[in-house]
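# Fold and contact review
The primary structure of each chain is shown beneath.
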Amino acid sequence: MSTTAGPRIGVALGGGSARGLTHIPYIEAMDELGLRPAAISGTSIGALIGAGWAAGMSGKELREHATDVLGTMRIIAGKLWATHVRLSGILKTGIPTQLDATSIVDAFTPPGFPQTFKELKVPLYVVATDFQSWHQVVFNTGFLRPAIAGSIAIPTLFKPVSYANHILVDGGVVNPLPLDQADIGTDFLIGIDVNGDPSSGLNKTDHKALDLWFGSAQIMMHSLTAHMMAAYPPDIYIRPHVSSFGMLEFWRVREILAHVDTDKDRFKRMLAQRIEDYIQDRVPVIGSADKPR
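In this report, the structure presented in the accompanying data block is examined. Nothing here was measured: the structure is a model prediction, and the numbers come from that model.

Quick look at the pairing of strand S1 (residues 9-13) now. In regular strands, side chains alternate between the two faces of the sheet. Across the 5 residues of S1, 5 count as buried, placing the element largely inside the fold. With burial as the criterion, each face of S1 is covered, one bearing Ile9, Val11 and Leu13 and the other bearing Gly10 and Ala12. Each parallel crossover has a hand, and for S1 linked through helix H1 (residues 23-32) to strand S2 (residues 39-43) it is right-handed.

Written out as structure tokens, the structure reads:
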């Protein structure tokens, strides 16, 4: 399928820590349909994966890289050791000495990863939070890595990132699914929400401190996403069931990807039909110029 006569597609990739690895099968699905986004927006891990996609990496390449750098706890420990953080501290206390987000971006991105937004092949909008002003900050020009670092800087787990006259923390604090940014100059909007749902914890009572911290953040992000969707309704909204995976369980990358692979064909069929409907003008799609700002 070609989008030559089709809509300009905007894709919003949400935040969700390790659960954000589930973005990759949906990117593969778009590759397999021959669809390329006209704009990508990302929050937190969505910004990191979105940057790889915008740089020209295919979904398959993103999968291979994620498996290579996250495939075992030993590999992750080696990467963290290079940034002077011991994995044992994370496993024992949950929140170790604060990580340096910029070092993490450097450690887990492939060689030759772009330094600036200008080097990207697809426009990318990276969302972070200005801790001092309490406002969203969006980056789409200048240096890429510090923008991503600010977007992934989960409070308490990461040190805030000082960049471009901002003190930055995780973009999920203000905008966990940046549909507003993917809607800029596009016609067809896709939102991939990897925040999870409450299903796996409904009957649980022995919550640990870290569970409560992340769970409360999830509730906040769910509410923010609902408001964002009301203002910028996506043409396709995907929310994979990922609550069985811990927010920091990156070493389960193969399980996480396999879990969502089962949904990839359904997504492909739905997306192909919606795009075909748009091309054939069977279903009216609101143009971005007419959508609320």
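The next point concerns the packing of H1 against helix H2 (residues 45-54). Put simply, H1 and H2 touch, their axes get as near as 11 Å, and they point 30° apart. The orientation of H1 relative to H2 falls into the category roughly parallel. As H1 packs across H2, the resulting crossing turns out to be right-handed. Between H1 and H2, the residues in contact are His23, Ile24, Ile27, Met30 and Asp31 and Gly46, Ile49 and Trp53, respectively.

Once that is clear, we can look at the packing of aromatic side chains. Using the criterion set out here, one finds 2 aromatic pairs in the structure. When the ring of tyrosine 26 is compared with that of phenylalanine 267, the centres are 5.1 Å apart and the planes differ by 80°; the resulting orientation is edge-to-face. Taken together, the residues tyrosine 26 in helix H1 and phenylalanine 267 in helix H10 (residues 253-280) connect sequence positions 241 residues apart. No difference in accessibility class separates tyrosine 26 from phenylalanine 267, as the two residues are buried. Measuring from centroid to centroid gives 5.4 Å for phenylalanine 139 and tyrosine 163, while their planes differ by 45°, and the two rings are tilted. Placement of phenylalanine 139 in strand S4 (residues 135-139) and of tyrosine 163 in strand S5 (residues 161-163) is noted, with a sequence separation of 24 residues between them.

One turn of an α-helix holds 3.6 residues; hence residues three or four places apart share an orientation. Along helix H6 (residues 101-108), the residues classified as buried are Ala101, Ile104, Val105, Ala107 and Phe108. One side of H6 carries all its buried residues, which in axial view fall inside an arc of 165°.

Here we take up empty space enclosed by the protein. What the rule picks out here adds up to 1 cavity of 30 Å³ or more. If you trace the largest cavity, you find 32 residues lining it, with Leu48, Leu70, Ile104, Phe108 and Phe250 closest to the centre. Per-element tally for the lining of the largest cavity: the top contributor is helix H3 (residues 59-70), with 5 residues. When its residues are assigned to classes, the lining of the largest cavity shows 27 nonpolar, 5 polar and no charged.

Another point: the packing of H1 against H3. Contact geometry for H1 and H3: axes closest at 8 Å, N-to-C directions at 155°. In terms of orientation, H1 and H3 fall into the roughly antiparallel class. Of the residues in H3, those touching H1 at Ile24, Pro25, Ile27, Glu28 and Asp31 are Gly59, Lys60, Leu62, Arg63 and Ala66. Partitioning the contact of H1 with H3 into residue classes produces 5 nonpolar, 1 polar and 4 charged.

Calculation criteria
Residues numbered from 1 in each chain as written. Predicted model: local features only at pLDDT ≥ 70, side-chain atom pairs only at ≥ 80, totals over all residues. Heavy atoms only, no water. Buried < 20%, exposed > 50% of the residue type's maximum accessible area, 1.4 Å probe, protein only. Helix = DSSP H or I, 4+ residues; strand = E, 2+ residues; numbered from the N terminus. Right-handed = clockwise from strand over helix to strand, strands pointing away. Axes fitted to C-alpha atoms, helices over the stretch in contact; angles between N-to-C directions. Parallel < 35°, antiparallel > 145°, perpendicular 65-115°, else oblique. Left-handed = near helix turned anticlockwise from the far one by under 90°. Contact = heavy atoms within 4.5 Å. Phe/Tyr/Trp six-rings, centres within 6.5 Å; stacked < 30°, edge-to-face > 60°. Arc of directions from axis to C-beta. 1 Å grid on protein atoms, 1.4 Å probe; cavity = no way out; pocket = protein on both sides within 12 Å on 5 of 7 lines; lining within 4 Å. Points joined across faces, edges and corners; volume = space filled by probe spheres on them. Nonpolar A, V, L, I, M, F, W, Y, C, P; charged D, E, K, R; others polar.

By themselves, these are just geometric observations and shouldn't be taken as functional.
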